[in-house]
Amino acid sequence: MKKNPDDDNSRLDELFRLLSAGEISRSQFEEATGQEWWWGDILEGLGKRILPYPIVEPKWTEAQRKLADEVF
């Protein structure tokens, strides 16, 4: 049976939506698509779909927080 290209496009659209929402990481996005992506290509894909750039809140360990406070 032939693969429907629209199915692939719908899946890619959904993966971009998940990435944009911060629900999956870049590595999860790449794993799901089966390829490595340049960051510029990801940004272009988000733009084509009129999706915002992902915003990720870093999760700091206590040691990382302490080091950052000492350095900065």
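Calculation criteria
- Residues numbered from 1 in each chain as written.
- Predicted model: local features only at pLDDT ≥ 70, side-chain atom pairs only at ≥ 80, totals over all residues.
- Heavy atoms only, no water.
- Helix = DSSP H or I, 4+ residues; strand = E, 2+ residues; numbered from the N terminus.
- Buried < 20%, exposed > 50% of the residue type's maximum accessible area, 1.4 Å probe, protein only.
- Contact = heavy atoms within 4.5 Å.
- Core = buried A, V, L, I, M, F, W, Y, C linked by side-chain atoms within 4.5 Å.

**Student:** Pulling in residues and values, what's your account of the side chain of S20?
**Tutor:** Residue position: S20 is located in helix α1 (residues 5-20). When its relative accessible area of 8% is taken as the criterion, S20 is described as buried. In contact with S20, not counting residues within four places along its chain, are L46, L51, P52, Y53 and P54.

**Student:** Can you break down unusual backbone geometry residue by residue, with the values?
**Tutor:** The bulk of non-glycine residues show a negative phi, and the bulk of peptide bonds are trans. For I50, which is not glycine, the phi torsion reads 55 degrees and is therefore positive. Here I50 shows up in the loop between α3 (39-48) and α4 (62-71).

**Student:** Talk me through the nonpolar core; I want residue IDs and the actual numbers.
**Tutor:** Soluble globular proteins: nonpolar side chains tend toward being buried together. Residues L15, F16, L18, L19, I24, F29, W37, I42 and L46 constitute the largest nonpolar core, which totals nine residues. Listed by contribution, the elements that provide at least two residues to this core are α1 and α3. Among the elements that line this core, the one with the most residues is α1, at four residues. When residues no more than four places from it in sequence are discounted, the contact partners of I24 are L15, L18, L19 and F29.

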